[in-house]
Number of protein chains: 2
Amino acid sequence: MRDWELRVDEIPDPVPGPGQALTKVIACGICGSDLHLLRHGRQQLELAAELDDGQPPDPLRPVAFVPERDVVMGHEFCCEVVELGPGCANLAAGDIVVSLPVAFDAEGLHGVGFSNRYSGGYAELMVVNELMAIKVPTGLSPRLAALTEPLAVGVHAVAKSGIQSGDAALVIGLGPVGLAVIAELRMRGIGPIVGADFSPKRRDLAARLGADEVVDPAVERAVDAWRRVDGTRPLVIFEAVGVPGMIDQAMRMAPKGTRILVVGACMQPDTFHPMIGIGRELSIQFVLGYEPHEFGGALTAIADGRVDLDPWLTGSVDVEGIPQAFVDLDHPDAHAKILVEPT
Amino acid sequence: MRDWELRVDEIPDPVPGPGQALTKVIACGICGSDLHLLRHGRQQLELAAELDDGQPPDPLRPVAFVPERDVVMGHEFCCEVVELGPGCANLAAGDIVVSLPVAFDAEGLHGVGFSNRYSGGYAELMVVNELMAIKVPTGLSPRLAALTEPLAVGVHAVAKSGIQSGDAALVIGLGPVGLAVIAELRMRGIGPIVGADFSPKRRDLAARLGADEVVDPAVERAVDAWRRVDGTRPLVIFEAVGVPGMIDQAMRMAPKGTRILVVGACMQPDTFHPMIGIGRELSIQFVLGYEPHEFGGALTAIADGRVDLDPWLTGSVDVEGIPQAFVDLDHPDAHAKILVEPT
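Predicted model, so just to flag it, every value in this text is computed and none were measured.

Calculation criteria
- Residues numbered from 1 in each chain as written.
- Chains lettered and ligands numbered in written order.
- Predicted model: local features only at pLDDT ≥ 70, side-chain atom pairs only at ≥ 80, totals over all residues.
- Heavy atoms only, no water.
- Helix = DSSP H or I, 4+ residues; strand = E, 2+ residues; numbered from the N terminus.
- Rg over C-alpha atoms; globule rule 2.2 N^0.38 Å.
- Buried < 20%, exposed > 50% of the residue type's maximum accessible area, 1.4 Å probe, protein only.
- Contact = heavy atoms within 4.5 Å.
- Areas by Shrake-Rupley, 256 points an atom, 1.4 Å probe, with all protein chains shown as cover.
- Lys, Arg positive; Asp, Glu negative; His and termini not counted.
- Charge placed at Lys NZ, Arg CZ, Asp CG, Glu CD.
- Salt bridge = Lys/Arg side-chain N within 4 Å of Asp/Glu carboxyl O.
- Pairing = 2+ DSSP bridges.
- Axes fitted to C-alpha atoms, helices over the stretch in contact; angles between N-to-C directions.
- Parallel < 35°, antiparallel > 145°, perpendicular 65-115°, else oblique.
- Left-handed = near helix turned anticlockwise from the far one by under 90°.
- Nonpolar A, V, L, I, M, F, W, Y, C, P; charged D, E, K, R; others polar.
- pLDDT = per-residue confidence, 0-100.
- Least-squares fit on C-alpha atoms with pLDDT ≥ 70 in both.
- Patch = residues over 30% accessible without salt bridge, like charges linked within 9 Å, V, L, I, M, F, W, Y side chains within 5 Å.

Now for the overall build of chain A. Check the secondary structure of chain A and you find 10 helices and 16 strands. Here chain A has a C-alpha radius of gyration of 20 Å; the compact-globule value for 343 residues is 20 Å, and the two agree. For chain A, the spread of C-alpha atoms along the three principal axes comes to 60 × 50 × 35 Å. Counting only residues that meet the buried cut, chain A has 55% of its 343 residues in that class. Of all intrachain contacts in chain A linking residues separated by at least 6 positions in sequence, the fraction that spans at least 24 positions is 74%. For chain A, the exposed surface amounts to about 13900 Å²; the carbon and sulfur share of it is 53%. Distance between charge centroids for chain A: 7 Å, based on 27 positive and 47 negative side chains.

Residues and elements named next belong to chain A. In this structure the tally under the stated criterion is 42 salt bridges over all chains. D212 is the salt-bridge partner of R186, the closest N and O atoms lying 3.5 Å from each other. With R186 in helix α4 (residues 176-187) and D212 in the loop between α5 (200-209) and β10 (213-215), this residue pair connects regions lying 26 residues apart in the sequence. Residue class for D212 comes out partly exposed when judged on its relative accessible area of 41%.

Here we come to the pairing of strand β3 (residues 96-99) of chain B. Residue and element names in this part refer to chain B. Pairing geometry for strand β2 (residues 76-84) and β3, over 3 bridges, is antiparallel. Looking at β3, one finds that E80 is bridged to I96. Summarising the sheet, β3 and strand β7 (residues 133-135) pair through 3 bridges and their orientation is antiparallel. Looking at β7, one finds that V97 is bridged to K135.

On to the packing of helix α3 (residues 148-161) of chain B against helix α4 (residues 176-187) of chain B. Residues and elements named next belong to chain B. Relative orientation of the contacting elements α3 and α4 amounts to 60°, with a least axis distance of 7 Å. As the angle between them shows, α3 and α4 are arranged oblique. The chirality of how α3 crosses α4 is right-handed. Across the interface between the two elements, P150, L151, V153, G154, V155, A157 and V158 of α3 pack against V177, A180, V181, A183, E184, L185 and M187 of α4. Of the residues in the contact of α3 with α4, the class split is 12 nonpolar, 1 polar and 1 charged.

Moving on, we come to the environment of A103 of chain B. Topologically, A103 of chain B is positioned in strand β4 (residues 102-105). The spatial distance from the C-alpha of A103 of chain B to the C-alpha of R69 of chain B is 18 Å, given a sequence separation of 34 residues.

Residues and elements named next belong to chain A. Mapped onto the elements of the fold, H75 is located in the loop between α1 (32-51) and β2 (76-84). For H75, a relative accessible area of 5% puts it in the buried group. Apart from the residues lying within four places of it in its own chain, the contact partners of H75 are C28, C31, S33, D34, P101, V112, F114 and E149.

Moving on to the confidence of the model for chain A. Predicted confidence across chain A gives a mean pLDDT of 94, with 100% of residues reaching 70 or more. Here the predicted complex carries an ipTM of 0.93, next to a pTM of 0.94.

The transform that puts chain A on chain B rotates by 180° and translates by 0.0 Å along the axis, for an RMSD of 0.0 Å. Accordingly, the operation relating the two chain copies is best matched by a two-fold axis. Comparing interface residues between copies, 100% of those in chain A also sit at the interface in chain B, which points to an isologous, same-surface contact.

For the rest of this paragraph, the subject is unusual backbone geometry. The peptide bond linking G191 of chain A to P192 of chain A adopts the cis configuration, its omega dihedral lying at -5°. Residue placement: P192 of chain A occurs in the loop between α4 and β9 (193-196). At D3 of chain A, a position not held by glycine, the phi torsion is positive, near 50°. Looking at the secondary structure, you find D3 of chain A in the segment before β1 (20-29). At E281 of chain B, a position not held by glycine, the phi torsion is positive, near 50°.

A contiguous patch of negative charge on the surface is contributed by D9, E10, D13, E124, D318 and E320 of chain A. Here E320 of chain A lies in the loop between β15 (313-317) and α10 (322-328).

With that out of the way, let us pick up the environment of I163 of chain A. All names here are of chain A. With respect to the helices and strands, I163 occurs in the loop between α3 (148-161) and β8 (168-172). With 32 residues separating them in the primary sequence, I163 and G195 have C-alpha atoms 16 Å apart. When residues no more than four places from it in sequence are discounted, the contact partners of I163 are V158, A168, A169, L185, R188, I190, V236, F238 and R259.

Here it is, written out as structure tokens:
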């Protein structure tokens, strides 16, 4: 990406610094936030600048990228080590690794895939910090390992929700984030899990990943589906759509005392009715990303076969195919996760 | 109140039913929600009907009042038992009591002060259920006992916040709800407590009730005042203003991971930026009312002298004086709590 437009281009090979490894990308998922960045990135940067007004500086905030210069996106990657920079002690050429999409050097932290300096996984070659890399257990396909990052988003959202055995879950929006939440809820033995999405394909995927009931909101309100199959357990609602009006909608359907987890990223200002929240003593927890241990836990869960994410993988493209994949991902019924497999 | 207008009028003496006592009101606080009801009640009822769409019936919801018939407001009362209905076993004439503002009979629950059937404390006589009444400990002035209800609102909000020793608190809006929150925070030993309000009188009251630092938001941002006196502890923000835009403002100033407690009742639709919540993983907990044990605890705290609410009482009127008191309470610098003392 340069100037908020996707470009397929040649760039110089990156050079690993101290403690870093040069790797060859095997597979990298295309994330909704990459589509978001292209479409809303400009406003996002403006809004972020405005909203940060008065916040103290955060030394751990990733270095901002300049949109007029190249940004190679891709933060859901699995790659193979090809060359070690100075001082690496734990990796070797040939190792298959995943990594939190964060690189660091003397300049600070960098968001891999959102950086002018560190290319993400839509490139053929990329640099990872040895300390951030986790070796993929033997026998696990790199294609599935590349789903560690999006699964970690679900692991984190579920952890933040405080949901526990005996609670029920309603997941609104069955895109990758909603699917990751369902996979983690299922691994934790939560039930019933009710998923809602207009797309039949996504509903089918949700059922395969562990939803007990899926519903088309055009036919039945999500909360009515939950009432039909349960209706008595404490309910946690995961809002994974991320467009204006969804938080208000979740609040309107929420029973008294419900926790609403906002995992969908709504870029625009949004309207809601505080009186609904007050009358029912609702809580709204916003979530973002994951902790390193949740990232590692997601990889282990995939490797141990505790979750089968294979249905999630619906397409594969090479680097030249990325622009078309971005177009295809705009149609929710066509795809769930498309992997970039550069070579 | 009738037809959304305050009226001073003669009404028939109420008759206590089984398990109920007829009481003489000694003191009853005027609450902001009574002013709200007069001003926004009509829209509130319409909104409530719209927003309840699809919610299952709740047998414990108080019976709705008809605004075209008399509603005697007043839900922060302390009164003296004058006559017992059939079957009362625990009260006696002369007992001084407070009560949760809830009455019940064969028809269901009734919100005392928001009911056509059960007059609130702006009347000379009112009926309370024996099971709801708590005797005021000997020696405690009924004027202070009448503050049990508004203090309970603060007790509940602080309990819901999950704030604990080592956290800091920022209270935005120092009306009765904000003051009650500060009093409870102080009783729990939380500190520092920073309070923000444009009114010098309210800031002074907050300081007397236990705020460690008070700030005029016209001079210094509330969160900057907290940074000046602390800035490192986990922060809980209590939004006790309740007008559109305040939740967004609280979110903008909130450091990462902050819990925001919404204790101010904003009747209108409101606008906020979900991206701020997501970027900082904020949580918003809406709160309303209190549990019976919190109500009882508030009375005990006042009786034991763990909190001195005397500064809170800034005025007293008889029944004829209520309309003027409602006018006076519109000026935040004139009054904190005005008691109605009917006789």
